[in-house]
Protein chains: 2
Amino acid sequence: MLSKKTKYAINALVFIAKNKDEQPISVSRISEEQNISLKFLESILTELKNARILNSTKGKYGGYSLNAPPDEINMAKIMRLFDGAIALLPCVTYEFYERCEECVDEENCGIRQIAMEIRNETVKRLKAATLTDIVKREKI
Amino acid sequence: MLSKKTKYAINALVFIAKNKDEQPISVSRISEEQNISLKFLESILTELKNARILNSTKGKYGGYSLNAPPDEINMAKIMRLFDGAIALLPCVTYEFYERCEECVDEENCGIRQIAMEIRNETVKRLKAATLTDIVKREKI
DNA sequence: TTTATATCCTACTAAATTGGTAGGATTAAT
DNA sequence: ATTAATCCTACCAATTTAGTAGGATATAAA
């Protein structure tokens, strides 16, 4: 399951991407329209800014705007930022690799092979899920 | 990520499946050979017994044995038992459906569509990952 | 019948994670 | 000067995770 942080982050990013011409957009605006707690969302957007996914403008009429083209921001990146590894097992992630402590034979582990196949498929789809893609899906 | 409970459960089941002719197998034997804390594993096998996935035999030379053919026990079932929903969002699970509180338009949600596609693919693979399949993968 | 070795059952717990909240400082447009 | 934003620090309650402790009960074999 995605954490609420990740879900809220993606929702906020999609909202900003959709309102391309009104950027920057304030936290309070996103909070109201997306039903997300103001203060919690504030901390999420700060993390996105620190990760250089968003830009911020201070002061009146300030807010947040995308710091990259919407087809370069995808769900995999956001999930990794807030929730860490995407895979089912720590021993099949590239970015957060860790051996399973109890593991007897990693190379020959059947569960690991399955987890690896699922990770490959999942990451492929999450990388394809860019803001552009999500906005397109919702334009029906 | 799988919880340790789920991981230990699958490891234990695979171990029991592999030692088909020595059943029943005691918790202490599995605990030693799979590097899993005895008492914790005990509680896990109890849950598997309550879910009718394992059988137990009390007393000396007692232990646990499979309560179904190994090709009918798969990773999806074990994950759902210990970790609950498999999908990335509560709004795309069959068994544990819940609306996202903050959701504005579930039908038209792009993130949901992606989560649904990933769930379909993932569940398909987890259901194919039976004990028989896992044991076969490790017999190289 | 005693002993060894199993499961069964109840209760407890420390640490980490999750999903927030509170309050004020700073910055910038009008 | 006022208004409306972000920025920054600190705190917190509830839940989940990953166990541990200790004894009751059942059964095979000596």
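For every chain, the first residue of the written sequence is number 1, and numbering continues from 1 onward in sequence order. Chain letters start at A and ligand numbers start at 1, both assigned in the order the entries are written. Whole-chain, interface and lining totals are the exception, using all residues; otherwise, since this is a predicted model, local features are given only for residues with pLDDT of at least 70 and side-chain atom pairs are given and counted only at 80 or more. As a rule here, side-chain values come from all non-hydrogen atoms in the structure, and water together with hydrogens is ignored.

Peer 1: What exactly am I supposed to notice about the protein's contact with DNA strand D here?
Peer 2: Whether a residue is near a molecule or strand depends on its heavy atoms: if one lies within 4 Å, it is near. In the vicinity of DNA strand D, 24 residues are found, and the nearest of them are Glu42(A), Ser56(A), Tyr64(A), Ser37(B) and Lys39(B). Near the protein, meaning within 4 Å, the atoms of DNA strand D are sugar or phosphate in a fraction of 69%, with bases accounting for the rest. We define a polar contact as two N or O atoms separated by no more than 3.5 Å, with the added condition that, inside protein, one atom must be a possible hydrogen donor and the other a possible acceptor, whereas residues neighbouring each other in sequence contribute only through side-chain atom pairs. Ser37(B) places a side-chain nitrogen or oxygen 2.7 Å from a phosphate oxygen of DNA strand D. The secondary structure listing takes helices from DSSP runs of H or I that are at least 4 residues long and strands from runs of E that are at least 2 residues long, numbered from the N terminus. Contributions of two or more residues to the surface near DNA strand D are made by α2 (27–34), α3 (38–50), β1 (54–57) and β2 (63–66) of chain A together with α1 (4–18) and α3 (38–50) of chain B. Per element, the largest residue contribution to the surface near DNA strand D is 3 residues, and it comes from α3(A). Amino acids outside the nonpolar list (Ala, Val, Leu, Ile, Met, Phe, Trp, Tyr, Cys, Pro) and the charged list (Asp, Glu, Lys, Arg) are all regarded as polar, and Gly is one of them. For the surface near DNA strand D, the residue count by class is 5 nonpolar, 10 polar and 9 charged.

Peer 1: In this structure, what is going on with the pairing of β2(A)? I would like to understand it.
Peer 2: Each regular strand displays side chains that alternate between the two surfaces of the sheet. All names here are of chain A. Judged by which residues are buried, β2 turns out to be covered on both faces: Gly 63 and Ser 65 on one side and Tyr 64 and Leu 66 on the other are all buried. Two strands pair when backbone bridges link them, and β1 and β2 are joined in this way by 4 bridges, in the antiparallel orientation. Paired with Thr 57 across the two strands is Gly 63, which belongs to β2. Adjacent in sequence and paired antiparallel, β1 and β2 are bridged by 5 residues, among which Gly 59 carries a positive phi angle near 75°. For every residue, the accessible area (1.4 Å probe, protein chains only) is compared with the maximum for its type, and the residue is labelled buried under 20%, exposed over 50%, or partly exposed between those bounds. Paired strands, in this sense, are two strands between which DSSP finds at least two bridges.

Peer 1: Is there a simple way to think about the relation of the copies chain A and chain B in this case?
Peer 2: Each of the two copies of the chain can be brought onto the other by a rotation about an axis and a shift along it. Of the transformation placing chain A onto chain B, the axial shift is 0.0 Å and the rotation is 180°, giving an RMSD of 0.1 Å. Taken together, the rotation and translation relating the two chain copies correspond to the operation of a two-fold axis. Least-squares fitting of one copy onto the other uses the C-alpha atoms of those residues that reach a pLDDT of at least 70 in both copies.

Peer 1: Would you explain α2(A) in this entry?
Peer 2: Quick reminder: α-helices carry 3.6 residues per turn. Residues three or four places apart thus point the same way. Residue and element names in this part refer to chain A. When we look at burial in α2, the residues that qualify are Val 27, Ile 30, Ser 31 and Gln 34. Looking straight down α2, one finds its buried side chains confined to an arc of 100°; they lie on one side. Contacts are residue-level and defined by heavy atoms, with any inter-residue pair within 4.5 Å sufficient. Buried-residue contacts for α2 involve α1 (4–18), α3 and β2. Downstream of α2 by one or two residues, Asn 35 has phi in the positive range, about 55°. It is the directions from the helix axis to the C-beta atoms whose arc is reported.

Peer 1: Can you help me understand the side chain of Glu106(B) in this one?
Peer 2: All names here are of chain B. Examined against the element boundaries, Glu 106 turns out to sit in the loop between α4 (75–83) and α5 (110–128). Take Glu 106: its relative accessible area is 17%, and that puts it in the buried class. A distance of 2.9 Å separates the side chain of Glu 106 from the side chain of Tyr 97, its partner in a polar contact.

Peer 1: What's the story with the packing of α3(B) against α4(B) in this structure? I'm lost.
Peer 2: Each pair of packed helices can be described by the angle between their axes along with the distance between the axes. Residues and elements named next belong to chain B. Convention adopted: a line fitted to C-alpha atoms gives each axis, helices being fitted over their contacting stretch, and angles between N-to-C directions are expressed from 0 to 180 degrees. Taken N-terminus to C-terminus, the directions of α3 and α4 make an angle of 115°; their axes are 11 Å apart at the nearest point. Put simply, α3 runs roughly perpendicular to α4. Along this stretch, α3 crosses α4, giving a crossing that reads as right-handed. Counted together, Ile 44, Glu 47 and Leu 48 of α3 and Ile 78, Leu 81 and Phe 82 of α4 form the full contact between these two elements. Considering only residue class, the contact of α3 with α4 consists of 5 nonpolar, no polar and 1 charged. By definition in this entry, angles of less than 35 degrees are roughly parallel, angles greater than 145 are roughly antiparallel, angles of 65 to 115 are roughly perpendicular, and the rest are oblique. If you view the pair so one helix is near and one far, a crossing is left-handed when the near helix is turned anticlockwise from the far one by less than a right angle, and right-handed when it is turned clockwise.

Peer 1: When you look at the packing of aromatic side chains in this model, what are you seeing that I'm missing?
Peer 2: Remark: the centre distance and the inter-plane angle together describe each pair of aromatic rings, the angle taken between the planes. Two rings from Phe, Tyr or Trp (for Trp, the six-membered ring) form a pair when their centres are within 6.5 Å of each other. A pair whose planes differ by under 30 degrees is stacked, one over 60 is edge-to-face, and the rest are tilted. Applying the stated criterion across every chain, the model contains 2 aromatic pairs over all chains. When the centroid spacing of 5.9 Å and the interplanar angle of 80° are considered together, the rings of Tyr8(A) and Phe40(A) count as edge-to-face. Linking Tyr8(A) in helix α1 with Phe40(A) in helix α3, this pair joins segments that are 32 residues apart in sequence. By the criterion adopted, a ring carries a charge over it if an Arg CZ or a Lys NZ lies within 6 Å of its centre and within 35 degrees of its normal. The ring of Tyr94(B) carries Arg119(B) above its face, with NZ or CZ at 4.6 Å from the centroid.

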